[in-house]
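So the chains spell out like this:
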2 protein chains.
Amino acid sequence: MTLTIEKTDVKKQAKLAQDASKKLRMLSTEEKNKVLYKLADHLEEHMEPILEANAKDLEAGKQKGFDDALMDRLSLDEQRIRDFAEGLREVAELEDPTGKTITDWTLENELLVEKVTVPLGVIGMIYEARPNVTVDATGLALKSGNAIVLKGGSNAIQSNKAIVDVMHDALKNSAVPSEAVQFINSTDREATNALFTMKEHIDVLIPRGGGALIQAVVDNATVPVLETGVGNCHIYIDEDADVQKALNIIINAKTDRPAVCNAAETLLIHEKWFKKNHEVLFDTLEQHGVTVHGDEEVLNHKADAIPAGESDWANEYLSLDVAVKVVGNVEAAADHIDRYGTKHSEAIVTENEKTAKRFMMLVDAAALYHNASTRFTDGGALGFGAEIGISTQKLHARGPMGLPALTTIKYLMHGNGQIR
Amino acid sequence: MTLTIEKTDVKKQAKLAQDASKKLRMLSTEEKNKVLYKLADHLEEHMEPILEANAKDLEAGKQKGFDDALMDRLSLDEQRIRDFAEGLREVAELEDPTGKTITDWTLENELLVEKVTVPLGVIGMIYEARPNVTVDATGLALKSGNAIVLKGGSNAIQSNKAIVDVMHDALKNSAVPSEAVQFINSTDREATNALFTMKEHIDVLIPRGGGALIQAVVDNATVPVLETGVGNCHIYIDEDADVQKALNIIINAKTDRPAVCNAAETLLIHEKWFKKNHEVLFDTLEQHGVTVHGDEEVLNHKADAIPAGESDWANEYLSLDVAVKVVGNVEAAADHIDRYGTKHSEAIVTENEKTAKRFMMLVDAAALYHNASTRFTDGGALGFGAEIGISTQKLHARGPMGLPALTTIKYLMHGNGQIR
């Protein structure tokens with residue numbers, strides 16, 4: 001069943017969020033934190049309607065024949081709801097990213113110029129599957145003084161709706177108008193498309209989900225986008241790489257959580273290192289259940305490897321598969337990454353500091369690693385607290401985005417009659 | 001005559017710029033500065049071909065019946081070329097915005113995280129009329145380690161082409177490959193449109209020019225855009241405004257350079273102040289040749305004012321016209337600005353600090369002024385050095401953009417085998 005909604009109704013909701021954002025930006029940190037704690041408590045106290053709604057989503061998912069992984073992403077239980085609440089309390093504990101004077105200076109004519117951080121305004125969140133995004137994104141938006149328009153995936157619509165209902169109930173008689181959290185109650189793609197061009201009411205769109213969703217937003221939105229996600233990450237094993245470090249990093253980056261965007265997808269291996277160490281490398285990969293797709297040189301030494309072609313180099317497997325290519329030097333590795341990488345996370349393993357430095361200069365990506373796993377590209381791991389996503393774009397925010405990515409600046413000019 | 005170009009040729013040029021950008025990001029500050037000085041010297045030494053080309057543009061402009069203002073914007077002479085060269089030398093003197101460590105920290109596992117500034121890559125500059133943008137934008141791009149693709153307006157194409165030829169000649173045997181500066185030698189709109197979607201080769205588009213040009217880029221580009229320009233700026237004269245300060249600021253903001261984006265377009269006047277001071281206000285405006293478009297209350301006190309409607313409130317006159325509206329309080333002024341403003345520069349004149357603070361909180365714009373002219377929203381006036389434009393968007397850069405707006409960041413992770 002498709003839940004349809006008129007474009008004009010989506011527009012009305014966006015406008016309500018915008019009006020609410022004007023009240024939000026006047027709130028103190030204390031007022032915002034109080035609301036976040038209230039939301040957390042309320043979610044824990046009203047689990048039942050959320051779990052009932054979730055059961056409906058799960059039943060619908062079963063009918064549609066979803067696989068175990070997708071069913072797990074959809075599924076909620078009491079512990080997961082308690083985790084949502086804990087997440088909100090953690091956001092409350094984070095530093096308020098707004099109202100900070102970044103710098104100030106006085107011109108010769110005594111005009112005092114102050115550069116301060118302020119909320120963006122209205123955030124449009126377009127996401128798939130996981131209902132936790134409904135809570136996490138709302139918490140981050142409110143903490144940074146922004147209103148939010150939520151457009152979740154159709155598979156989780158009952159759960160998302162129930163979560164928002166509980167949050168709206170909690171916002172009653174709070175400092176935050178409940179209009180600050182808008183939920184587009186529709187499974188109609190037109191509702192999503194309507195958000196793409198609503199520049200007059202929405203300040204930024206953040207897509208969270210698979211590559212196709214992100215691409216659709218990037219290609220069609222006139223509202224500015226914070227692009228997140230796709231990570232075709234490489235590990236370059238240099239001629240001077242320590243064998244044990246290389247194996248540890250490869251196995252961690254490939255197998256710890258293969259479905260996340262900071263997992264490694266391709267190994268680029270210096271020919272000299274490969275000649276000496278291919279046996280232990282392939283043995284180790286096999287022990288960890290990794291399927292190797294390789295170039296000719298790899299196939300010469302591993303008969304059961306799958307021949308790798310263009311599509312392998314460009315692929316974000318998100319599974320226990322890895323593409324392996326033998327290269328002549330760090331420049332060749334950088335060229336390959338340049339061609340196929342998504343500017344997310346790229347690693348070099350080497351004991352040669354000079355080669356490491358060269359790799360980090362040559363390769364253009366959000367995060368460059370020397371002798372460490374790509375898995376650290378993560379707001380939590382880097383100590384940013386909650387994360388709104390990992391930006392793979394260059395403007396505004398790059399890499400893991402915490403609360404500051406949801407702010408902009410204002411120049412405040414304090415004068416006494418200055419003219420030019 | 002239309003100079004056409006194939007989309008594939010534009011793509012080739014963008015790809016050449018991208019390849020050159022990889023060499024540019026490896027250059028030292030000294031190498032870049034040396035090139036900027038060489039460009040400056042070379043322009044001063046080769047004025048003749050530029051002036052000859054400019055004469056052709058001016059002749060064509062005359063044929064097309066351009067007005068004096070446009071002819072003046074197009075026209076070059078020896079002094080103006082010397083100014084271009086001086087501008088390049090000033091950019092050379094500015095601090096290099098790349099290679100700076102913004103912050104670093106060490107995780108518990110001893111992974112050292114370093115956040116450094118790096119060039120964006122390739123800048124696509126789409127601009128109208130003034131040939132100075134050809135030089136200024138190139139200087140700013142090269143200083144920040146970026147390659148640039150220049151698409152100037154058809155009216156200045158001969159001048160722009162001649163300037164780029166001289167610059168290309170200067171880049172021979174320099175540290176910067178001449179491919180780093182690409183000039184789209186076409187007056188075909190298709191060439192501009194081709195740049196809009198060239199995400200794989202261009203990192204950011206910067207439109208400089210009229211509202212229609214900027215809107216076309218914003219509406220159609222999938223490449224991220226740094227939106228510049230349109231300024232429908234307001235001055236709110238509060239109940240507690242000092243009369244002399246108010247008049248000085250109004251006249252300066254309206255008449256100093258009416259055609260620039262930080263000029264004032266609408267005056268919002270508190271009814272009490274208006275009642276007491278409308279005569280001196282209108283007299284002063286008249287003395288300075290300003291035509292008043294007013295609401296009913298204004299018309300009641302100034303019979304020769306032109307009735308103002310929706311189109312006046314929304315209009316960036318860029319001339320000696322001003323719209324005047326009488327309002328009841330600071331909230332009404334903020335509401336009006338919210339509805340019609342372009343989030344550029346907004347001023348309040350008042351002796352009441354509390355009202356000033358409230359105005360600055362309520363109004364969402366790049367620059368908020370208390371008792372000063374909106375004309376200070378300018379990279380030069382604020383001490384940023386050369387300016388790439390004034391951003392009216394909220395993401396990445398807001399307000400006057402200097403060199404830092406042309407950079408992004410990279411996280412460099414220095415490890416010794418860390419895994420998660």
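Here's a quick rundown of the structure. (Residues numbered from 1 in each chain as written. Chains lettered and ligands numbered in written order. Predicted model: local features only at pLDDT ≥ 70, side-chain atom pairs only at ≥ 80, totals over all residues. Heavy atoms only, no water.)

A few words now on empty space enclosed by the protein. In total, this model carries one cavity of 30 Å³ or more according to the counting rule given. Volume-wise, the largest cavity comes out at about 60 Å³. Every residue along the wall of the largest cavity is listed here: Ser 21, Arg 25, Val 118, Pro 119, Leu 120, Gly 121, Gly 145 and Lys 410 of chain A together with Asp 364 and Lys 394 of chain B. By residue class, the composition of the lining of the largest cavity is three nonpolar, three polar and four charged. (1 Å grid on protein atoms, 1.4 Å probe; cavity = no way out; pocket = protein on both sides within 12 Å on 5 of 7 lines; lining within 4 Å. Points joined across faces, edges and corners; volume = space filled by probe spheres on them. Nonpolar A, V, L, I, M, F, W, Y, C, P; charged D, E, K, R; others polar.)

Mapped onto the fold, Thr 222 of chain A is located in the loop between α9 (211-220) and β7 (233-237). When residues no more than four places from it in sequence are discounted, the contact partners of Thr 222 of chain A are Phe 196, Thr 197 and Lys 199 of chain A together with Val 218 and Asp 219 of chain B. (Helix = DSSP H or I, 4+ residues; strand = E, 2+ residues; numbered from the N terminus. Contact = heavy atoms within 4.5 Å.)

Quick look at the packing of helix α2 (residues 29-45) of chain A against helix α5 (residues 78-93) of chain A now. All names here are of chain A. Where α2 meets α5, the axes come as close as 8 Å, and the angle between the chain directions of the two elements is 170°. Our classification of the angle between α2 and α5 gives roughly antiparallel. Contact residues: Asn 33, Leu 36, Tyr 37, Leu 39, Ala 40, Asp 41, Leu 43 and Glu 44 in α2; Ile 81, Arg 82, Phe 84, Ala 85, Leu 88, Arg 89, Val 91, Ala 92 and Glu 93 in α5. (Axes fitted to C-alpha atoms, helices over the stretch in contact; angles between N-to-C directions. Parallel < 35°, antiparallel > 145°, perpendicular 65-115°, else oblique.)

Turning to the sheet that holds strand β5 (residues 181-183) of chain B, a few remarks are in order. Residue and element names in this part refer to chain B. Here four strands make up an open sheet; going across it, the order is β5-β4-β3-β6 and the pairing parallel. The open sheet has two edge strands with one neighbour each: β5 and β6 (204-208). Averaged over all pairs of adjacent strands, the angle between strand axes in this sheet comes to 20°, irrespective of strand direction. Relative to strand β4 (residues 147-151), strand β3 (residues 122-127) runs parallel, the two sharing five bridges. For Gly 124, the partnering residue across the bridge sits in β4 and is Val 149. (Pairing = 2+ DSSP bridges.)

Applying the stated criterion to the full structure yields eight aromatic pairs over all chains. Seen in terms of ring centroids, Phe 274 of chain A and Phe 282 of chain A are 5.9 Å apart; in terms of plane orientation they differ by 75°. Their pairing is edge-to-face. Accessibility classification places Phe 274 of chain A together with Phe 282 of chain A in one group, the buried group. Both rings, one in Phe 384 of chain A and one in Trp 105 of chain B, keep their centres 5.9 Å apart while their planes meet at 50°; by these two values the pair is tilted. Of this pair, Phe 384 of chain A sits in the loop between α16 (379-382) and β14 (389-391) while Trp 105 of chain B is found in strand β1 (residues 101-106), placing the two residues in two different chains. Chaining the aromatic ring pairs together yields one cluster made of Trp 105 and Tyr 411 of chain A together with Phe 384 of chain B. Taking NZ or CZ as reference, Lys 325 of chain A lies 5.5 Å from the ring centre of Trp 313 of chain A, over its face. (Phe/Tyr/Trp six-rings, centres within 6.5 Å; stacked < 30°, edge-to-face > 60°. Buried < 20%, exposed > 50% of the residue type's maximum accessible area, 1.4 Å probe, protein only. Lys NZ or Arg CZ within 6 Å of the ring centre and 35° of its normal.)

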